[in-house]
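# Fold and contact review
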Amino acid sequence: KLADPVDPGKLEAFIAENEEAVYRVKGYNPTSRNAVYFDYSKAGFRLTECGERPEYGLAWICKGDEAERIEIQAKALLSEQK
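Just so it is clear, the model here is predicted, and its values are computed rather than measured.

What counts and what doesn't
Residues numbered from 1 in each chain as written. Predicted model: local features only at pLDDT ≥ 70, side-chain atom pairs only at ≥ 80, totals over all residues. Heavy atoms only, no water. Pairing = 2+ DSSP bridges. Helix = DSSP H or I, 4+ residues; strand = E, 2+ residues; numbered from the N terminus. Axes fitted to C-alpha atoms, helices over the stretch in contact; angles between N-to-C directions. Contact = heavy atoms within 4.5 Å. Buried < 20%, exposed > 50% of the residue type's maximum accessible area, 1.4 Å probe, protein only. Arc of directions from axis to C-beta. Polar contact = N/O pair within 3.5 Å; in protein donor to acceptor, adjacent residues only side chain to side chain. Core = buried A, V, L, I, M, F, W, Y, C linked by side-chain atoms within 4.5 Å.

## What to know about the sheet that holds strand β4 (residues 57-62)
- In space, the four strands of this open sheet follow the order β3-β2-β1-β4, with antiparallel pairing throughout. Unpaired on one side and paired on the other, β3 (44-50) and β4 mark the two borders of the sheet. Taking the axes of each pair of neighbouring strands and ignoring which way they run, one obtains an average angle of 5° across the sheet.
- When strand β1 (residues 22-30) meets strand β2 (residues 35-41), the two strands line up antiparallel, connected through six bridges. Opposite Y28, over in β2, you have Y37 as the bridge partner.
- Most of the contacts of helix α1 (residues 8-17) go to β2, to which it runs at about 10°, and overall it touches β1, β2, β3 and β4.

## Thoughts on α1
- Among the residues of α1, those classed as buried are L11, F14 and I15. Projected onto a plane normal to the axis of α1, the buried residues spread over an arc of 95° and lie on a single side.
- At its buried positions, α1 is contacted by β1, β2, β3, β4 and α2 (67-80).
- N-capping of α1 is provided by D7, with a side-chain oxygen placed 2.8 Å from the backbone N of G9.

## Some remarks on the nonpolar core
- Residues L11, I15, V22, V25 and F38 are the most contacted members of the largest nonpolar core, which totals 19 residues.
- Breaking this core down by element, the ones donating at least two residues are α1, β1, β2, β4 and α2.
- If you tally residues by element for this core, the top one is β2, at four residues.
- Setting aside residues up to four positions removed in sequence, V22 forms contacts with I15, Y40, K42, W60, I61, C62 and I70.

This is how it looks when you write it as C-alpha cells:
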C-alpha cells in the first residue's frame, strides 16, 4: 500500500536498473491531482491519469530468487521519498 506519492521517474529508473529481475509492476499511485495508474511489463511503461482510488499500492512480480532483494530495495526507495 502507498500513502505517499511515488515519483514515476524514480520508479522507472529503479525498474530499468533491475529489469532482469522484474517482470511486472502495476497499481495506483497517489499524486497531487488524483491518481496515476502505473503499469510496467517487458513491453514497456505506461502511465494513465485517473480519479481517486480507495487504495493505492503497487503489485510486483519478480524473478523468484531476486524477489526478496527487489522488495527490500523497493521499500527503501519508497521510504526515502517521504
